[in-house]
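Structure at a glance
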Amino acid sequence: MSTLRALAKARAVAAGVAQPVATVRHLHLSDRPLVLVPLAMAGEANAPLAAMVGAAPDEGRLLFVPQPRNRDQRFAFAAELAAIVLPHLDSFRGVSEAVPIDRGRDVRYRYVDAPQLLVPNPAGVTFLRLLGRSTRFRRPDGEYPVHPSVPLLGRWLTFFAERAEQPGSAALLAMTEALTLHWATGQSTVEDLHLPALLGWIDPPPGSTGAEAAARAEDPRLCPPAGPATDPDFDNHRLVAAIEAYAGTEDDPVARAGAYAELARLLRGQLAPTWELMWRGVGLLRALPPGARVAGRWDGDKDAFTGYAEHVDAGGGPQPRRDGAVAAALRLHRLERALASYAVQRAYDDPLVMAEHRLAGEAFVGDVTLADPKRVDDTGKRPVLRPRIQVVTTEPVAVPVGATLYSPARPGQKAKVVFLTPGSDGKTEVVLELSGGMGRGLTAPPGSVPEVGERLCLTILSDAYLPAGSFPAAEETPWTHGGPPVAASDAPVAPDGAAAGTGDPAEEWS
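Criteria and cut-off values
Residues numbered from 1 in each chain as written. Predicted model: local features only at pLDDT ≥ 70, side-chain atom pairs only at ≥ 80, totals over all residues. Heavy atoms only, no water. Helix = DSSP H or I, 4+ residues; strand = E, 2+ residues; numbered from the N terminus. Contact = heavy atoms within 4.5 Å. Areas by Shrake-Rupley, 256 points an atom, 1.4 Å probe, with all protein chains shown as cover. Lys, Arg positive; Asp, Glu negative; His and termini not counted. Charge placed at Lys NZ, Arg CZ, Asp CG, Glu CD. 1 Å grid on protein atoms, 1.4 Å probe; cavity = no way out; pocket = protein on both sides within 12 Å on 5 of 7 lines; lining within 4 Å. Points joined across faces, edges and corners; volume = space filled by probe spheres on them. Nonpolar A, V, L, I, M, F, W, Y, C, P; charged D, E, K, R; others polar. pLDDT = per-residue confidence, 0-100. Expected span 1.5 Å × (residues − 1). Bend = angle between axes of the 7 residues up to and from the residue. Polar contact = N/O pair within 3.5 Å; in protein donor to acceptor, adjacent residues only side chain to side chain. Axes fitted to C-alpha atoms, helices over the stretch in contact; angles between N-to-C directions. Parallel < 35°, antiparallel > 145°, perpendicular 65-115°, else oblique. Pairing = 2+ DSSP bridges. Left-handed = near helix turned anticlockwise from the far one by under 90°. Core = buried A, V, L, I, M, F, W, Y, C linked by side-chain atoms within 4.5 Å. Buried < 20%, exposed > 50% of the residue type's maximum accessible area, 1.4 Å probe, protein only. Phe/Tyr/Trp six-rings, centres within 6.5 Å; stacked < 30°, edge-to-face > 60°.

As a further point, take the overall build of the protein. Counting its regular elements, the protein contains twelve helices and 17 strands. Viewed in the frame of its principal axes, the protein has a C-alpha envelope of about 95 × 65 × 45 Å. Looking at the protein alone, contacts between residues at least 24 apart form 68% of all its contacts between residues at least 6 apart. Split by element, the accessible area of the protein, about 24500 Å² in all, is 56% carbon and sulfur. Across the protein, the centroid of the 51 positively charged side chains sits 6 Å from that of the 60 negatively charged ones.

With that out of the way, let us pick up the layout of surface pockets. Reported here for the largest pocket is a volume of approximately 550 Å³. Arg297, Arg337, Ala338, Ser341 and Gln345 are, among the 23 residues lining the largest pocket, the residues nearest its centre. Where the lining of the largest pocket is concerned, the elements lending two or more residues are helix H10 (294–313) and helix H11 (325–349). Top contributing element to the lining of the largest pocket by residue count: H11, with eight residues. Partitioned by chemical class, the residues of the lining of the largest pocket number eight nonpolar, eight polar and seven charged.

It is worth spelling out the confidence of the model for the protein at this point. Overall, the prediction assigns the protein a mean pLDDT of 89, with 95% of residues at 70 or greater. Confidence scores differ between elements of the protein, with helix H8 (residues 232–247) showing the lowest mean pLDDT of 89 and strand E7 (residues 117–119) the highest of 98. Note on residues 487–508: pLDDT is under 50 here. Beyond four places in sequence and across chains, it has 46 contacts.

Scanning all chains against the criterion turns up three cavities of 30 Å³ or more. What lines the largest cavity is Ile389, Leu405, Tyr406, Ser407, Arg410, Gln413, Lys414, Ala415, Leu434, Pro450, Leu456 and Leu458. Here the lining of the largest cavity takes four residues from strand E15 (residues 410–422), the largest share from any one element. Residue composition of the lining of the largest cavity, by class: eight nonpolar, two polar and two charged.

Our focus in this paragraph is helix H2 (residues 71–90). With 20 residues, H2 ought to run about 28 Å at 1.5 Å a step, and its terminal C-alpha atoms sit 28 Å apart, in line with that. Ala82 marks where H2 bends most, by close to 30 degrees. By the N-cap criterion, in which a side-chain oxygen at the helix start approaches the backbone nitrogen of a residue two or three places on, H2 is capped by Asn70, the distance to Asp72 being 2.9 Å.

It is worth spelling out the packing of helix H1 (residues 3–15) against helix H12 (residues 351–359) at this point. Contact geometry of H1 with H12 gives a least axis separation of 9 Å together with a crossing angle of 120 degrees. Put simply, H1 runs oblique to H12. Across the interface between the two elements, Thr3, Leu4 and Arg5 from H1 touch Leu352, Ala355, Glu356 and Leu359 from H12. When the residues that make up the contact of H1 with H12 are grouped by side-chain class, the tally is four nonpolar, one polar and two charged.

One ladder, built from four bridges, connects strand E14 (residues 404–407) with E15; its direction is antiparallel. Bridge assignment links Tyr406 to a residue of E15, and that residue is Lys414. Hairpin connection between E14 and E15: a loop of two residues separates the two successive antiparallel strands.

This paragraph deals with the packing of helix H3 (residues 122–135) against helix H4 (residues 149–164). Where H3 contacts H4, the two axes come as close as 7 Å, and the packing angle between them is 140 degrees. One element, H3, and the other, H4, form an angle in the oblique class. Where H3 crosses over H4, the two elements pack in a sense that is left-handed. On the side of H3, the interface is formed by Val125, Leu128, Arg129, Leu131, Gly132, Arg133 and Thr135, while H4 contributes Val150, Pro151, Gly154, Leu157, Thr158, Ala161 and Ala164. Looking at the contact of H3 with H4 residue by residue, the class counts come to eight nonpolar, four polar and two charged.

Core analysis: the largest hydrophobic core is formed by 89 residues, its most contacted members being Trp156, Leu179 and Leu267. Here this core gets twelve residues from one element, more than from any other, and that element is helix H9 (residues 253–286). Leaving out residues up to four positions away in the same chain, Trp156 has contacts with Leu86, Leu89, Phe305, Tyr308 and Ala309. Counting residues in hydrophobic clusters, the runner-up holds 19 residues, among them Ile389, Leu405, Val449 and Leu456.

Think of a pair of aromatic rings as described by two things: how far the centres are apart, and how the planes are tilted against each other in angle. Taken as a whole and assessed by the stated rule, the structure comprises ten aromatic pairs. Their ring planes at 40 degrees and their centres at 5.5 Å tell us that Trp156 and Phe305 sit as a pair that is tilted. Residue Trp156 is found in helix H4, and its partner Phe305 is found in helix H10; the two are separated by 149 residues along the sequence. Neither residue differs from the other here; Trp156 and Phe305 are each classed as buried. Measuring from ring centre to ring centre gives 5.9 Å for Trp275 and Trp279, while their planes differ by 70 degrees; the resulting arrangement is edge-to-face. One end of the pair, Trp275, and the other, Trp279, are both in helix H9, four residues apart, so they sit about a helical turn from each other. Side by side, Trp275 and Trp279 carry an identical accessibility label, which is buried. Within the aromatic cluster, the residues linked to one another by ring pairs are Tyr111, Trp156, Phe159, Phe160, Phe305 and Tyr308.

What follows is the structure in structure tokens.
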């Protein structure tokens, strides 16, 4: 935990309400996100019990499995879910936009928007990942056929689960993570995974403190678990009886309809409170202004959505159960680059995030006291514009002479440290030579060079493009790492080792 977040948590305890740790929203929020609140059957790995799903607060639709141990009913549940999710995804595929590439010499096309899925917590993301894994290899024909939409749903759920691993992506968000990115509560990180308690701290009822609201949220009778786990007391004393009552009415259609309605009522009572909390969280996030670089990260989600939609349309196969050695290395490299870029972008967008780096000695803020915007360096083959400025700061400067600094106000400009002069009054004078971001002439455009009196933040963090690493082609990869001949373990297989598309529904769902 960082120093500032620890301080914010201490202040939250003292004030009785969560404290903001961000001044802007660091994630994209769709105008019509698809909210999905899942419940899993206790005692069986990822066996779906129920879900409430919809794209608006008044559009929540309840889906449930009357007999959760029945594999046929589970796939029927997946087909019902697909009937909601897939049309929602297709609604974003109507209009494309041209994106210039190759320095404007060519264009490519992507959809103007992309879908966004919201779940209550990280366990909900895991539920969708496992549901995708258990359905994407199924087939609509053969010995154990499923509805044609089921494997397609599995592939899309896998796509969204993989996007959730991408730092900065907003295609699939866990509400608890989205909220704790912007607020610090007075409870532990584990307690923050409970959506009712978390919202109790962030937005407590009038006359209550966050701690009081969180304590009330711990009572499952008032606030059922936010899924996918269920309340054991509810399972043992109400759910089991309702499922057994439904199972005992096979020969009585009237009684069966009544038992079905009672089961639906019980499950809706468990899901509806979380459904309302999800939209309450959406409202809190929507009230924050988006960061300047949020739209650029959402463009990456639109690119990924467009690319996978084209892959599906072209008849491409489902994602393999596991990556080969090179594919895994590529994925890890991509995630590391995205994580580094995301951390810098958040700091550039938000002074509160940048304050963490100032405490760590990776940034400082000072006032420009001298500026020479017309300075030209003619020691090389040709003269180049190299203005110099002097910044005076009261903060510790932990960078050496010769280091390159950057400013969030002018991210395309480099500032090389020329002199460091500590003063006796606790101030430090820093002389910087500027390059980049001023055009190619010998006269700096207005505003491109900081002026005297401007307050400037300087940091070693760079938002510049990070080139991708170099990895060998498949034919150049040793066989020990997945190269030719192709290892059998790299071929797509169905869950639990069954051949792709021939899985027996009697096998484990996950």
